[in-house]
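These are the residues of each chain, in order.
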Amino acid sequence: MKRNQGSEGELADGPAQKKTKMSPTLSPSSNATVPKQNRNDNANIMPSASSTAVPMPGMTTVEGNATTTEPGTWTKVEKRKKKKMAKAEAKNDPRFMYSNHEIARRNNAIGVEEIRDLVLHLVADAPNPNWLRVENGTSIQKVVVLMVPGLTNQLLSLPPIPTSATSNPNLPLSIPLHSPATTGTAAAIPFVATTFSHACPTRAPGDQYRMHSVLSTFFSCPISSEEKRRRVNQRLKSDKSKADPTQYLLTLEQMIENDYPVPSYMADVFQKPEGWVETPQPQNEPPAGTSGVKRKIYAIDCEMCITEDGKELTRISIIDFHTNGVVYDQLVKPSKPIVDYLTRFSGITEQHLASVTTTLAEVQTKVLSLLCPTAPVLAPNPFSMNSNNSSPSSPPPPPPTPILMGHSLESDLRALKLCHPYCIDTALMYHHPRGRPLKPGLAWLTKKWCGREIQTRGEGGHDPEEDARACLDLLKKKLEEGPGFGEFKTDQESIFERFGRASRKRGSGPGGGVRSAVVDYGNPVQMHGNKATTALACKTDEEIVEGVLGVVPSHDFVFARLTGLADRLGWITPRGPQDTPISTSPAAALQPPTSPTDDQLQSTLASLNTHLSKIHGSLPPRTAFVLFTGHSDPRRMTQLNSRKAQFDNALRAGKSPEEIASGENGVRWTAADGRELEEAVELARRGLVFVGVKM
């Protein structure tokens, strides 16, 4: 492969993709193969239409539709015409060109949302991004996007991102040409150097203390003003918006994003430790949101204390949404000795629990009995002609599974050690004034939208019944005012919805619609790929590659994620329960990251190179190929955030910084630690993007 050469200043005028190296074999039509005197004397001499062509040695004669060729062929006019036509077609080939001028004016690197906007421009009808110039974009037939976390500047032998005040860290980086002399890890993955000429730095979403989800940012986009007006009008005309609370049920993606303990039958993303229970899978009942089906709704609030094993349940209150009555209110005795009653927050004191014998297991049994109602037993009909009238022939079905609601309900479910499929969360149903990912407080929401104050007992703590009733009032207010009530941020939608609504459709689906596919780990059918035409769940990179090869011919947009390299580097850790005691030693949480051996890394890179080459080789001509890493090593950021969370939890538990830091397992958090966390977050948010067109 060969690419166009040029300085950084010329990059904006050069294509982002590389050209195929021409064969050194000379073409018969090349001037270098024809002697100058022969070209002048014979090559352009053609007989007129009225004359008879006299065959000369080495010339091609045309008789009617028959063509005869003799040894020593000369250049034909027909071949020249074909060459000109090929050049004219080449002018219509799509090309990508980085706009250095625009990139240099930016304060930050290219964001993941801007990579998403490039895809929307190529597939749908979004405007062209200013950081990349797209020529002949309408000629692009397909778009394939691969996310490959783990590819770093160091692995690809790229220069590090400059930190000097005189250098711009956002400009594209030139990728060194691959050659037999290439050494190190870059030699194990030549695909990148032979396919792309430049790598452009990117920045993952987040704030100063954490990195937000790359996938959520890529797969969701703001709706247009026209679509927003349409939705507002639709909400105003909809009767369901004021009658059916199931429209506020959390989606599986929302539950996962907000660390809900998800039932195993919904997705295999949460491993239940010992002592956990889950609501049985609903059977033979209409889906949530079906009109005419009335589900019970229970508002729940729990209070906790600190024991030797961390947070444990001390009180639970459950209120029925429809009757507004208390269904269950119980104090609970923790299984371990109590270290802190958290009276300032829970209102629970030692006297309250002195005579309590109810255990968490008994509470779980009671709650499950509410969430798994049985069918009513009907009395036999004395007027029935059926001889066996003691047992009805068609017993009524059991009531549908109830809905649990609360404020930051995932905390209550973790206190109960319970997984439930149907949840409503007022912390997500209403917006924070500064937008996501911030969540509004329950007391603020109740005062803002319901006009009353709660949690006013000061050191006396909270009343769980009061908090549960506040959640009910907020849901009723939402049903009265409509879905847009209490929102401060522009609505979002899936990119697949945008694909379906695009006015510039050129897809292969029914009616010219865009056919899209997501090939990923986990369960993309119920997560970010739930609105795609096709979603394939895979367990290995090999399955991902086979899935991509299978869907590319019949789809216009394909997204896939290869995580083998990130897994080898130790970037991926399984998600587990968060119920760890505050006294956990910070030394264990801050162990230096382990690195793979050179042989392991070389083997993984070679496999990745094979996967990328296989996918790229299968793509049809004029396919836009986008490869991005998303982020860098997140481990240091995760470790520091874990220590900061332990420290903050201890502060909220009423401990002083001196008490938290004392002892063998003490936790410290200083201003220097805060600055180190900010630096770790910035490093973790760095990534790379490579763009090109398969010709």
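One can find the structure itself at the top, above this paragraph.
First, a word on what this report is: a plain description of the structure on this page. (Residues numbered from 1 in each chain as written. Predicted model: local features only at pLDDT ≥ 70, side-chain atom pairs only at ≥ 80, totals over all residues. Heavy atoms only, no water.)

### A short note on the packing of helix α17 (residues 541-551) against helix α20 (residues 598-618)
Item 1. Relative to each other, α17 and α20 sit at 5°, their axes nearing to 10 Å. Here α17 lies roughly parallel to α20, going by the angle between them. Across the interface between the two elements, D541, E542, V545, E546, V548 and L549 from α17 touch H611, K614, I615 and S618 from α20.
Item 2. The residue makeup of the contact of α17 with α20, split by class, is 4 nonpolar, 2 polar and 4 charged. (Axes fitted to C-alpha atoms, helices over the stretch in contact; angles between N-to-C directions. Helix = DSSP H or I, 4+ residues; strand = E, 2+ residues; numbered from the N terminus. Parallel < 35°, antiparallel > 145°, perpendicular 65-115°, else oblique. Contact = heavy atoms within 4.5 Å. Nonpolar A, V, L, I, M, F, W, Y, C, P; charged D, E, K, R; others polar.)

### Focus: the pattern of salt bridges
Side chains carrying opposite charge are able to pair once their charged atoms draw close together.
Item 1. One pass over the full model with this rule turns up 24 salt bridges.
Item 2. E135 serves as the salt-bridge partner of R95, at 3.1 Å between the closest nitrogen and oxygen. Here E135 lies in strand β5 (residues 132-135) and R95 lies in strand β3 (residues 95-98), a separation of 40 residues in the sequence.
Item 3. With relative accessibility at 25%, the residue R95 sits in the partly exposed group.
Item 4. Taking the relative accessible area as the measure of exposure, E135 reaches 23% and is therefore partly exposed.
Item 5. Two residues, E682 and R203, come together in a salt bridge whose shortest N-O distance is 2.7 Å. Of the two residues, E682 sits in helix α23 (residues 671-684) while R203 sits in strand β8 (residues 198-203), which places them 479 residues apart along the sequence. (Salt bridge = Lys/Arg side-chain N within 4 Å of Asp/Glu carboxyl O. Buried < 20%, exposed > 50% of the residue type's maximum accessible area, 1.4 Å probe, protein only.)

### Brief notes about the pairing of strand β23 (residues 686-694)
Item 1. For β23, the tally of buried residues reaches 8 of 9 residues, placing the bulk of the element in the interior.
Item 2. Pairing between β8 and β23: 4 bridges, direction antiparallel. Counterpart to P201 in the pairing with β23 is L688.
Item 3. Two strands pair when backbone bridges link them, and strand β22 (residues 623-628) and β23 are joined in this way by 6 bridges, in the antiparallel orientation. Opposite F628, over in β23, you have V689 as the bridge partner. (Pairing = 2+ DSSP bridges.)

### Topic: the environment of G550
Item 1. Following the sequence through the fold, G550 ends up in helix α17.
Item 2. On the basis of relative accessible area, G550 is assigned to the exposed category, the value being 53%.

### So, the environment of S157
Item 1. The residue S157 is located in the loop between β6 (142-147) and β7 (173-174) in this model.
Item 2. The partly exposed category is assigned to S157, whose relative accessible area is 38%.
Item 3. Counting along the chain gives 28 residues from S157 to T185, while the straight-line C-alpha distance between them is 7.6 Å.
Item 4. When sequence neighbours within four positions are dropped, the list of residues in contact with S157 reads P176, T183 and A186.

### Some details on the side chain of D673
Item 1. With respect to the helices, strands and loops of the structure, D673 is situated in helix α23.
Item 2. Polar side-chain contacts of D673 include one of 3.0 Å to the backbone nitrogen of T670.
Item 3. For D673, the contacting residues outside a window of four places in its chain are R643 and R668. (Polar contact = N/O pair within 3.5 Å; in protein donor to acceptor, adjacent residues only side chain to side chain.)

### Observations concerning the pairing of strand β19 (residues 516-521)
Item 1. Counting buried residues along β19, 6 of its 6 residues qualify, which places the element largely inside the surrounding structure.
Item 2. In terms of strand pairing, β19 meets strand β21 (residues 557-561) through 4 bridges, oriented parallel. Each residue of the ladder has a partner; that of V518, found in β21, is F559.
Item 3. Where β19 lies against strand β20 (residues 534-538), 5 bridges are found, and the strand directions are parallel. Note on β20: the bridge partner recorded for V519 is L536.

### Notes on a positive patch on the surface
Item 1. A contiguous patch of positive charge on the surface is contributed by R80, K81, K83, K84, K87 and K91.
Item 2. Mapped onto the elements, K87 comes out in helix α2 (residues 77-90).
Item 3. Judged by relative accessible area, which is 54%, K87 ranks as exposed. (Patch = residues over 30% accessible without salt bridge, like charges linked within 9 Å, V, L, I, M, F, W, Y side chains within 5 Å. Areas by Shrake-Rupley, 256 points an atom, 1.4 Å probe, with all protein chains shown as cover. Lys, Arg positive; Asp, Glu negative; His and termini not counted. Charge placed at Lys NZ, Arg CZ, Asp CG, Glu CD.)

### Re unusual backbone geometry
Excluding glycine, residues mostly have negative phi values, and the peptide bonds linking residues are mostly trans.
Item 1. One non-glycine residue, S408, adopts positive backbone phi at about 55°.
Item 2. Residue classification places S408 among the buried positions, given a relative accessible area of 18%.

### As for the packing of helix α14 (residues 442-450) against helix α15 (residues 464-481)
Item 1. Direction vectors running N to C along α14 and α15 enclose 45°, while the axes themselves pass 10 Å from each other. When the axis of α14 is compared with that of α15, the two are oblique. Considering only the axes of α14 and α15, their crossing is left-handed. Across the interface between the two elements, L442, L445, T446, W449 and C450 of α14 pack against D467, A470, C471, D473, L474 and K477 of α15. (Left-handed = near helix turned anticlockwise from the far one by under 90°.)

### Examining helix α4 (residues 112-123)
Item 1. The terminal C-alpha atoms of α4 lie 17 Å apart, and with 12 residues this matches the ideal 16 Å at 1.5 Å per residue to within 8%.
Item 2. Residues of α4 that are buried: V112, E114, I115, R116, L118, V119, L120, H121, L122 and V123. (Expected span 1.5 Å × (residues − 1).)

### Concerning the nonpolar core
Item 1. The biggest cluster of nonpolar side chains holds 54 residues, and the ones touching the most others in it are F218, F499, F557 and F559.
Item 2. Ranked by residues supplied to this core, first place goes to α4 with 7 residues.
Item 3. Ranked by size, the runner-up nonpolar core spans 41 residues in total, among them A199, V548, W571 and L605. (Core = buried A, V, L, I, M, F, W, Y, C linked by side-chain atoms within 4.5 Å.)

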